[in-house]
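Each chain, letter by letter, is given below.
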Amino acid sequence: CFKCYVRAMNGRLENAITLSTYVELERFARSFAAGYFNLLIIVGERGLQKSTTIRNAMCDDVCWIQGSASPFVIYCKLFHHLDQPVVIDDVDRLHRSKDGVNLLKFLCATEPVKQITWQSATSQLGKENVPRQFETKSRTVIISNDWHTLNRNVAAVEDRGHVLQIQPTAVEVHE
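Reading guide: rules and limits
- Per chain, residues are indexed from 1 in the order of the written sequence.
- Confidence filtering applies because this is a predicted model: local features only for residues at pLDDT of at least 70, side-chain atom pairs given and counted only at 80 or more, and all residues used for totals across whole chains, interfaces and linings.
- Just so you know, side-chain values use all the structure's heavy atoms and leave hydrogens and water out.
- A simple rule labels every residue: compare its accessible area, found with a 1.4 Å probe on the protein chains alone, to the largest value its type can have, and call it buried under 20%, exposed over 50%, or partly exposed in between.
- A run of DSSP states H or I qualifies as a helix once it reaches four residues; a run of E qualifies as a strand once it reaches two. Both are numbered from the N-terminal end.
- When DSSP finds two or more bridges between a pair of strands, those strands are recorded as paired.
- What the arc covers is the set of directions going from the helix axis to the C-beta atoms.
- We call two residues contacting when some pair of their heavy atoms lies within 4.5 Å.

Points about the pairing of strand 6 (residues 133-136)
Here strand 6 shows one buried face, formed by Phe 134 and Thr 136, and one open face, formed by Gln 133 and Glu 135. Relative to strand 6, strand 5 (residues 114-117) runs antiparallel, the two being bridged by 4 bridges. In the sheet register, Ile 116 faces strand 6, and the bridge partner there is Phe 134.

As for helix 4 (residues 98-107)
When helix 4 is considered as a whole, its buried residues turn out to be Gly 100, Val 101, Leu 103, Leu 104 and Leu 107. Seen end-on, helix 4 carries its buried residues on one side only, within an arc spanning 160 degrees. Lining the buried residues of helix 4 we find helix 3 (71-80), strand 4 (86-89), strand 5, strand 7 (140-144) and helix 6 (152-158).

So, the pairing of strand 8 (residues 162-166)
Of all 5 residues making up strand 8, 4 are buried, and the element is well covered by its neighbours. Sheet topology places strand 2 (residues 39-43) next to strand 8; 4 bridges connect them, and they run parallel. Paired with Ile 41 across the two strands is Val 163, which belongs to strand 8.

Following this line, the structure appears as structure tokens:
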């Protein structure tokens, strides 16, 4: 039986870097924006300014995906924003679906140039003017309130980058 890499232990993710200050989060955000990281997964309770911190660190040429976007919609958006940094914000079901995890594995590969493929819904791809395969140099930030390592495939996504858990103190939040 596969044992999840992430388990609840005092509210902490087992393999995450725990950040207790906004200065630390801002440092990671600026480093990502400068190209030092291929993948950041940022996890924390709602209202902790995760999205705002990333938005403030990034330039304008960012593929920002949020809400209830399906893996297919994300695939199409990735093609239309080739080589741009990608921010996937609160797309909570993405890492819970097989197609979503497969897409994340392609997108978050550690190679500088990633091969992204979509092997189904070919008639819709034609309507969207999107090929079944393309290359991109995009780097990715995933922002989530609730991230779980559900299986080996999700663990494989995590292994391609850094998982950060933001847990500021009450004093830090109020300052």
